[in-house]
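Architecture at a glance
Here are the chains, one letter per residue:
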Amino acid sequence: MAERSFHVARLPGFATMAVAVFVALYLPIFTLVAYSFNASNSMAVWGGFSLDWYAKAWANEQVKDATVRSLVIACFAAVISTAVATMAALGTTRRRAFKGQTFIYVMINQPLMVPEIVTAVALMILFGLVKTVTGIHGLGYLVLAHAAFCVPFAYLPIRARLEGMDLTLETAAADLYATPWATFRRVTLPLLAPGMVAGAMLAFVISLDDVVITEFVKSGGQDTLPTYMLGQLRRQLTPEINAVSTMLLAVTVVLLTTFFLLTRKKD
Amino acid sequence: MADDVTISARHVIKAFGQGAAAVRALDDVSVDIRRSEFFTLLGPSGCGKTTLLRLIAGFEMPTGGEILLDGADISTLPPNKRPVNTVFQSYALFPHLTVAQNVAFGLQMLGKPAAEVKATTERMLALVKLEAMAGRKTAQLSGGQQQRVALARALAPQPKVLLLDEPLSALDLKLRKEMQIELKRLQLETGITFVFVTHDQEEALTMSDRIAVMSAGKVQQVGTARDIYIHPRNRFVASFIGETNFLTGTAEDGALRLGTGERIEMPGLRASPGPTTAIVRPEQLRLGKTADGGLQARVVSLVYFGTDTHCHLHLADGTELVARLQSPASGEAGLSRGDSVGIRFAEGAVQQVED
Ligand SMILES: Nc1ncnc2c1ncn2[C@@H]1O[C@H](COP(=O)(O)OP(=O)(O)OP(=O)(O)O)[C@@H](O)[C@H]1O
Ligand SMILES: [Mg+2]
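Residues numbered from 1 in each chain as written. Chains lettered and ligands numbered in written order. Predicted model: local features only at pLDDT ≥ 70, side-chain atom pairs only at ≥ 80, totals over all residues. Heavy atoms only, no water.

Considerations on the overall build of chain A
Rules: Secondary structure elements follow DSSP: runs of H or I of four or more residues count as helices, runs of E of two or more count as strands, with numbering from the N terminus. Relative accessibility decides the category of a residue: with a 1.4 Å probe and only protein chains considered, values under 20% of the type maximum give buried, values over 50% give exposed, and everything between is partly exposed. A 1.4 Å probe and the Shrake-Rupley method give the accessible areas. Residues count as covered only by the protein chains that appear here. Residues scored as charged are limited to Lys and Arg (positive) and Asp and Glu (negative), so that His and the chain ends carry no count. Lysine's charge is taken at NZ, arginine's at CZ, aspartate's at CG and glutamate's at CD.
For chain A, the count of helices and strands is twelve helices and zero strands. Helices (α) and strands (β) of chain A occur, in sequence order from the N terminus, as α-α-α-α-α-α-α-α-α-α-α-α. Put simply, chain A has 267 residues, and 37% of those count as buried. About 15400 Å² of surface is accessible on chain A, with carbon and sulfur atoms providing 72% of the total. Treating the 20 positive side-chain charges of chain A as one cloud and the 15 negative ones as another, the clouds have centres 6 Å apart.

Spelled out as structure tokens, the structure:
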């Protein structure tokens with residue numbers, strides 16, 4: 001039976017195709033990482049191994065400044081979007097199917113579907129208005145914008161976790177004299193925690209590498225790491241950018257690995 | 001009598017869905033469950049056993065009627081305000097808590113002092129013989145052990161009533177037998193009223209003080225195992241509990257006239273128009289020689305079951321009957337396929353039942 005069933009891996013040329021895809025995916029990244037250790041000043045010539053660019057980047061005040069700002073925004077955005085996403089997930093899964101369910105689902109995931117550039121322009125216009133009217137400036141606008149587009153990313157793993165959760169556990173808690181709030185605190189929340197951590201990590205990574213929305217919403221002197229890098233590339237290409245990129249990549253890989261470990265199905 | 005009633009369901013109706021699509025899971029159910037008894041709800045799948053249990057626990061609200069606990073109407077109380085605990089079929093143990101924390105959960109929610117929580121938890125773990133497992137996570141336990149934790153957790157707050165929804169169905173046969181004895185012991189030791197759901201009639205017969213046989217959202221009969229086996233009220237109860245032979249005929253004064261024209265003595269039967277149904281259990285049939293009288297029948301097949309042999313018989317009009325004979329006796333009787341025999345019945349064994 002299994003012998004005869006269709007399997008894409010048995011198509012001719014499947015292996016070649018797979019290798020080509022992996023090369024296309026990872027060759028640029030390997031090149032970038034390799035050249036971040038390049039002693040030469042040029043992006044094209046290999047001048048031997050060196051950690052100079054890392055030292056340079058480390059000493060660069062602008063890089064430090066942008067890094068701190070990126071991390072601060074990502075932290076806030078992750079926390080806020082996870083809180084909102086948790087409520088949204090509880091609201092959409094902990095009840096019988098209702099009219100307009102799909103509509104709400106689409107609404108929550110809207111940032112995944114609307115072109116980012118559109119959201120960016122819209123936010124720029126709205127925040128511009130708010131800034132003129134209230135006169136309030138600061139990092140808050142970036143945090144809000146990031147929190148908003150991170151919600152669907154935080155929502156998905158939390159919702160998945162909730163859907164895999166046995167509803168009888170909550171019934172059992174109620175049966176054992178837990179009030180609805182105690183049931184939530186003592187049973188739902190602890191069981192949801194891995195999903196929330198995963199959601200927060202995903203949101204953190206998404207916030208960390210956002211360019212488009214940040215570029216439109218930021219005021220002067222509010223560069224994050226990605227927008228700083230973009231600005232640098234416009235001026236001169238040095239392997240310093242490779243070094244910064246590699247560090248960003250390392251953080252992302254660590255976080256995403258943790259994310260996959262957390263959401264992995266236990267058997 | 002009313003004094004020793006713990007749970008009383010009165011004309012309880014539970015409908016799911018709206019309008020024409022509504023299903024009556026419970027259709028006017030009234031039963032009284034007595035204090036400290038082992039009460040079983042028995043019936044085929046979908047008859048409303050779980051629904052009745054969920055109404056008593058407070059997970060569902062009745063569409064009509066009321067549920068009393070010690071005389072007070074609890075129909076509208078949420079589950080956390082009812083002194084009633086449940087052992088779930090899936091156990092529903094909290095996976096993020098240890099065995100001891102699971103057992104302590106209800107006590108903590110009731111706001112008992114820490115010392116009392118600890119002492120009671122230990123006592124409960126001892127009661128189900130799981131002291132050694134107190135610190136383990138529940139996922140590291142076997143099915144039988146999880147079952148015990150679920151029991152200890154539900155018993156710890158000392159509820160007035162313990163509800164058990166097919167708690168043994170996930171266990172293999174040997175473990176199930178052990179747990180049946182264990183459950184009975186726990187019920188006797190704690191004196192708590194148990195309401196037990198099963199669709200296994202043997203389990204119901206051996207464990208219960210009283211049984212409610214349910215079908216299609218209605219209680220068909222309530223009584224002790226003996227009552228229900230010996231005097232089933234209707235055709236459904238008779239066929240659901242144990243094996244039964246049905247005899248249909250016309251009621252005459254003091255006898256039932258079968259389709260074959262033969263008469264079976266049934267003192268107390270009054271003549272009435274229309275068909276009358278009577279039952280007789282297979283072990284109440286006595287087979288003899290045709291010449292000795294009785295219902296004339298032919299042996300269709302003999303099935304050997306160890307201590308018993310089932311003898312399938314046909315009456316002249318094709319009615320099928322089964323006689324359960326002790327194996328040596330059937331050997332001595334020298335019965336074989338195709339033999340003609342005369343059937344007699346033990347006194348009072350043939351009884352009229354409602355349809
Ligand atoms: N939440 C619900 N919504 C709609 N119908 C339901 C619901 N719960 C139960 N029912 C229906 O009510 C009837 C009784 O169900 P119930 O679960 O009480 O049966 P049961 O006797 O426990 O059966 P089983 O032995 O299979 O567990 C069934 O027809 C079932 O489909
Ligand atoms: Mg059920």
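What follows continues from the structure just given.
A few points about the environment of L139 of chain A
With respect to the secondary-structure elements, L139 of chain A resides in the loop between α6 (116–134) and α7 (140–163). Expressed as a C-alpha distance, the spacing of L139 of chain A and S219 of chain A, which sit 80 residues apart in the sequence, is 8.7 Å.

Quick word on the sheet that holds strand β7 (residues 161–165) of chain B
All names here are of chain B. Just so we agree on the cut-off: One requirement defines pairing of two strands: DSSP has to find at least two bridges between them. Lines fitted to C-alpha atoms define the axes, with helix axes restricted to the stretch in contact, and inter-axis angles between N-to-C directions lie between 0 and 180 degrees. Here, two residues are considered to be in contact whenever any of their heavy atoms come within 4.5 Å of each other.
One open sheet accounts for six strands, arranged β6-β7-β8-β3-β9-β10; its pairing is mixed. Every interior strand has two partners, whereas the edge strands, β6 (84–87) and β10 (218–223), have only one. Averaged over all adjacent pairs, the angle separating strand axes in this sheet is 20 degrees, with direction ignored. Where β6 lies against β7, four bridges are found, and the strand directions are parallel. Residue V87 lies in a different strand from β7, and its bridge partner there is L164. Contacts from helix α1 (residues 49–57) reach β3 (38–42), β6, β7, β8 (193–198) and β9 (210–215) within the one sheet, and its direction differs from that of β7 by about 150 degrees.

Quick look at the pattern of salt bridges
Residues and elements named next belong to chain B. To be explicit about the condition: We count a salt bridge whenever a side-chain nitrogen from Lys or Arg sits within 4 Å of a carboxyl oxygen from Asp or Glu.
Following the criterion strictly, the structure yields 27 salt bridges over all chains and no others. We note a salt bridge from E202 to K177, for which the minimum N-O separation is 3.1 Å. Note that E202 is positioned in helix α6 (residues 201–207) and K177 in helix α5 (residues 173–190), a separation of 25 residues in sequence. The class of E202 is partly exposed, set by a relative accessible area of 46%. On the basis of relative accessible area, K177 is assigned to the partly exposed category, the value being 35%. Of the charged contacts, one joins E283 and R324 as a salt bridge, the two residues approaching to 3.9 Å between their closest N and O atoms. Taken together, the positions of E283 in the loop between β14 (272–280) and β15 (285–288) and R324 in strand β18 (residues 320–326) put the pair 41 residues apart, joining distant regions of the chain.

Here's the deal with a nonpolar patch on the surface
Defined as follows: Patch membership needs two things, relative accessible area over 30% and no salt bridge, and members are linked within 9 Å if like-charged or within 5 Å if nonpolar (Val, Leu, Ile, Met, Phe, Trp, Tyr).
Taken together, the side chains of I117, V118, V121, M124, I125, L126, L129 and V130 of chain A present a nonpolar region at the surface, about 650 Å² in accessible area. The partly exposed category is assigned to M124 of chain A, whose relative accessible area is 38%.

A look at the site of ligand 1
All names here are of chain B. Stated precisely, the cut-off is as follows: The cutoff for a nearby residue is simple: one of its non-hydrogen atoms must lie within 4 Å of the molecule or strand. Pairing of N or O atoms within 3.5 Å defines a polar contact, subject to two protein rules: one partner must be a possible hydrogen donor and the other a possible acceptor, and residues neighboring in sequence count only if both atoms are side-chain atoms.
The local shell around ligand 1 consists of F16, A25, S45, G46, C47, G48, K49, T50, T51, E166 and H199. Measuring from an oxygen atom of ligand 1, one finds a side-chain N or O atom of S45 at 2.5 Å. Take T50: an N or O atom from its side chain is 2.5 Å from an oxygen atom of ligand 1. Considering ligand 1 on its own, with 640 Å² of exposed area, one finds that the protein chains cover 61% of that surface. For the shell around ligand 1, the element with the highest residue contribution is α1, accounting for three residues.

Focus on the side chain of T82 of chain A
Looking at the secondary structure, you find T82 of chain A in helix α3 (residues 61–93). Among all residues touching T82 of chain A, those that are not within four sequence positions of it are A154, I158, M196, G199 and A200 of chain A.

Let's talk about the domain arrangement of chain B
Note on interface size: it is often stated as the accessible area lost on association of the parts. All names here are of chain B. Inclusion rule: Domain ranges listed in this record stem from an automatic or a database domain assignment. In short, buried area is how much 1.4 Å probe accessible area vanishes from two parts on joining, totalled over both.
Taken as a whole, chain B is organised into domain 1 (5–234) and domain 2 (243–352). Of note, the centres of domain 1 and domain 2, computed from C-alpha atoms alone, are 41 Å apart. Taken together, the five residues of domain 1 in the interface contact four residues of domain 2. The contact between domain 1 and domain 2 buries some 410 Å² in all, and 32% of this surface belongs to carbon and sulfur atoms. Of all residues in domain 1, Y229, I230 and P232 give up the largest surface area on contact with domain 2, accounting jointly for 84% of the area buried on that side.

Here we look at the nonpolar core
Note the following rule: Side-chain atoms within 4.5 Å link the members of a nonpolar core, which is a set of buried Ala, Val, Leu, Ile, Met, Phe, Trp, Tyr and Cys residues.
Within the largest apolar cluster, 82 residues are counted, with the highest numbers of intra-cluster contacts made by V217 of chain A together with L41, F94, F105, L163 and V195 of chain B. When residues in this core are grouped by element, the largest group, eleven residues, is from α7 of chain A. The residues touching F94 of chain B, leaving out its near neighbours within four places in the chain, are L169, A172, A173, L176 and V187 of chain A together with N102, F105, T138 and R153 of chain B. Counting residues in hydrophobic clusters, the runner-up holds 34 residues, among them Y91, L162, L168 and L171 of chain B.

With respect to the interface of chain A and chain B
Spelled out, the test is: Side-chain classes are defined by residue name, with Ala, Val, Leu, Ile, Met, Phe, Trp, Tyr, Cys and Pro counting as nonpolar, Asp, Glu, Lys and Arg as charged, and the others, Gly among them, as polar.
Taken together, the contact between chain A and chain B spans 17 residues of the former and 24 residues of the latter. When chain A packs against chain B, the two sides together hide about 1800 Å² of surface, and 67% of this comes from carbon and sulfur. For the chain A face of the interface with chain B, the top three residues by lost area are D175, L176 and Y177 of chain A, together amounting to 43%. Summed over the shared surface of chain A and chain B, the result is six residue pairs in polar contact (both at pLDDT 80 or more). In terms of residue class, the side of chain A that touches chain B is made up of eleven nonpolar, three polar and three charged.

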